[in-house]
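Below, each chain spelled out in residue letters.
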Amino acid sequence: MLRLDFHPAGRHFLQIPGPSPVPDRLLRAMSYPTIDHRGPEFGALGLAVLDGIKKIFKTRHPVIIYPASGTGAWEAALSNTMNPGDHVLMFETGHFASLWKKMADGLGLKTEFLGLPGVEGWRRGVQPRMIEDRLRADAAHDIKAVCVVHNETSTGVTSDIAAVRRAIDAAGHPALLLVDTISGLACADYRHDEWGVDVSISGSQKGLMLPPGISFNALSPKAIERSEQAGLPRSFWRWSEILEMNKTGYWPYTPSTNLLYALHEALEMILDEGLDAVFARHQRLARACRAAVQAWGLEIQCVEPERYSPVLTGVVMPAGVDADAVRRLIYERFDMSLGTGLGKVRGSMFRIGHLGDCNDLTLMATLAGCEMGLKLSGVTLAGSGVQAAMDCLQDTVEERQAKVA
Ligand SMILES: *Cc1c(COP(=O)(O)O)cnc(C)c1O
């Protein structure tokens, strides 16, 4: 018989970069009874979450909520704005950028994948200069969209989206800017309106701390206008009917009622803490995690310090060590899940998630599990990462507040 209470003693440490641990408060909200999605209470819930989520994207424009994983929201962004055969410029930052490109190919778009050679591009952020140069060369404006990943979850690299916007503007190019912030949102600073993003794509199970199952498209007026003429086939994903029904807090189909309860609670938790405080907490934990990796004498997957991700840290294994064997040992011995290496970096690195519902002691326990697991795997460590992280976290409350201010 399949047992769903896999972990009888203590909590399982779910330290993958999504799904992230779901706070009890959200789980409790999800246990409320499912209500009539056409009834009066539902409209109030719908309006509350549709309004609240705008604050997280920092937008005044509509945000669509789909009962789908992030992958569905990727498809929605493309199918609502593009015509068959349209030329889209994408940037290879890692596995998720590669999967999005594969989807665009599958939808019949003409994709162009810019990037640095080999795995080099999997250690750095989007290079705005390369985008600018490519757009300048496109005098006929054949390129209809620039697609980039904000926080590349496969590597732990966060790209500068404002710089990508500036690159498009500097080239005087009318392409839409589509951004995957599936793992970045509510962890790393994100500004849909200010950065001039046309469609921002996100998901529920990373920084928003929800279980998987809902995802988002934040829109710009230009994207909405484009969607009225876009020719790619779409039905379930079509924005227009959803936007119309959302005006009163309803959907054209049955939405994920209980996940929307959780979203309502998550928005309250995030906005009560304050977005800036949430970002600062993630930066601080990420800094402590990197201090640990450096003290172990191991390499961080991201080689551009200004692009270090506040969401996760990619830890590169010394030559000859199978990162997945280390991960497996840690899972079996310490009941902790770490992220596997994906695509080009499979086996050479693992990922430590420090996103969402994570605090100092969550991180310390996580690092203790890693340190013990690395030693048990026979990896030679230069020093104690746990000690280095503790030193890093021993700032006073006043010092911490000063950092947030
Ligand atoms: C998780 C993730 C996805 C995929 O989302 P699903 O919810 O698994 O469909 C895409 N892009 C990024 C950057 C992600 O972190």
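Attention in this report is confined to the structure presented alongside it. Bear in mind that the values here come from a model prediction, so they are computed numbers and not experimental data.

Let's talk about the sheet that holds strand S14 (residues 349–353)
Turning to step 1, where the next piece is worked out: One open sheet accounts for 3 strands, arranged S11-S12-S14; its pairing is antiparallel. Bordering the open sheet on either side are strand S11 (299–300) and S14, each of which pairs with just one other strand.
Turning to step 2, where the next piece is worked out: Summarising the sheet, strand S12 (residues 312–316) and S14 pair through 5 bridges and their orientation is antiparallel. Residue pairing in the sheet places valine 316 in a bridge with methionine 349 of S14.
Turning to step 3, where the next piece is worked out: The sheet contacts of helix H10 (residues 275–296) involve S11, S12 and S14, and relative to S12 the element is tilted by about 10 degrees.

Some points on empty space enclosed by the protein
Turning to step 1, where the next piece is worked out: For the structure shown, the criterion picks out 3 cavities of 30 Å³ or more.
Turning to step 2, where the next piece is worked out: Of the volumes computed, that of the largest cavity is approximately 40 Å³.
Turning to step 3, where the next piece is worked out: Lining the largest cavity we find Leu14, Gln15, Ile16, Ser20, Pro21, Gly353, His354, Leu355, Asp357, Cys358 and Thr362.
Turning to step 4, where the next piece is worked out: In terms of residue class, the lining of the largest cavity is built from 5 nonpolar, 5 polar and 1 charged.

Considerations on the pattern of salt bridges
Turning to step 1, where the next piece is worked out: Evaluated as defined, the whole model comprises 22 salt bridges.
Turning to step 2, where the next piece is worked out: Here aspartate 24 ties to arginine 11 by a salt bridge, and the two come within 3.2 Å at their closest N and O atoms. Residue aspartate 24 is located in helix H1 (residues 24–30), and its partner arginine 11 is located in the segment before strand S1 (13–15); the two are separated by 13 residues in the primary sequence.
Turning to step 3, where the next piece is worked out: Among the salt bridges present, the one from aspartate 189 reaches lysine 58, with a minimum N-O distance of 3.9 Å. With aspartate 189 in the loop between strand S8 (176–180) and strand S9 (199–203) and lysine 58 in the loop between helix H2 (40–57) and strand S2 (63–66), this pair connects stretches of sequence that are 131 residues apart.
Turning to step 4, where the next piece is worked out: Sharing partners across several salt bridges, the network here consists of Lys58, Asp189, Arg191 and Glu194.

Considering the site of the ligand
Turning to step 1, where the next piece is worked out: In the vicinity of the ligand there are 13 residues, among which Ser69, Thr71, Thr153, Asp180 and Lys206 approach most closely.
Turning to step 2, where the next piece is worked out: In this structure, aspartate 180 approaches the ligand through a side-chain N or O atom, which is 2.7 Å from a nitrogen atom.
Turning to step 3, where the next piece is worked out: Taking 380 Å² as the accessible area of the ligand by itself, protein coverage stands at 88%.
Turning to step 4, where the next piece is worked out: The biggest single contributor to the shell around the ligand is helix H3 (residues 70–79), with 3 residues.
Turning to step 5, where the next piece is worked out: Within the shell around the ligand, the residues separate by chemical class into 4 nonpolar, 7 polar and 2 charged.

Overview of unusual backbone geometry
Turning to step 1, where the next piece is worked out: Here the residue pair glycine 18 and proline 19 is connected by a cis peptide bond, since its omega of -5 degrees sits within 30 degrees of zero.
Turning to step 2, where the next piece is worked out: Its identity as a non-glycine residue notwithstanding, lysine 58 has a phi of 55 degrees, on the positive side.
Turning to step 3, where the next piece is worked out: For lysine 58, a relative accessible area of 32% gives the class partly exposed.
Turning to step 4, where the next piece is worked out: The backbone of alanine 186 shows a phi angle near 70 degrees, a positive value even though the residue is not glycine.
Turning to step 5, where the next piece is worked out: Relative to the helices and strands, alanine 186 is located in the loop between S8 and S9.
Turning to step 6, where the next piece is worked out: Judged by its relative accessible area of 2%, alanine 186 is buried.

Conventions we followed
Residues numbered from 1 in each chain as written. Predicted model: local features only at pLDDT ≥ 70, side-chain atom pairs only at ≥ 80, totals over all residues. Heavy atoms only, no water. Pairing = 2+ DSSP bridges. Helix = DSSP H or I, 4+ residues; strand = E, 2+ residues; numbered from the N terminus. Contact = heavy atoms within 4.5 Å. Axes fitted to C-alpha atoms, helices over the stretch in contact; angles between N-to-C directions. 1 Å grid on protein atoms, 1.4 Å probe; cavity = no way out; pocket = protein on both sides within 12 Å on 5 of 7 lines; lining within 4 Å. Points joined across faces, edges and corners; volume = space filled by probe spheres on them. Nonpolar A, V, L, I, M, F, W, Y, C, P; charged D, E, K, R; others polar. Salt bridge = Lys/Arg side-chain N within 4 Å of Asp/Glu carboxyl O. Near = heavy atom within 4 Å. Polar contact = N/O pair within 3.5 Å; in protein donor to acceptor, adjacent residues only side chain to side chain. Areas by Shrake-Rupley, 256 points an atom, 1.4 Å probe, with all protein chains shown as cover. Buried < 20%, exposed > 50% of the residue type's maximum accessible area, 1.4 Å probe, protein only.

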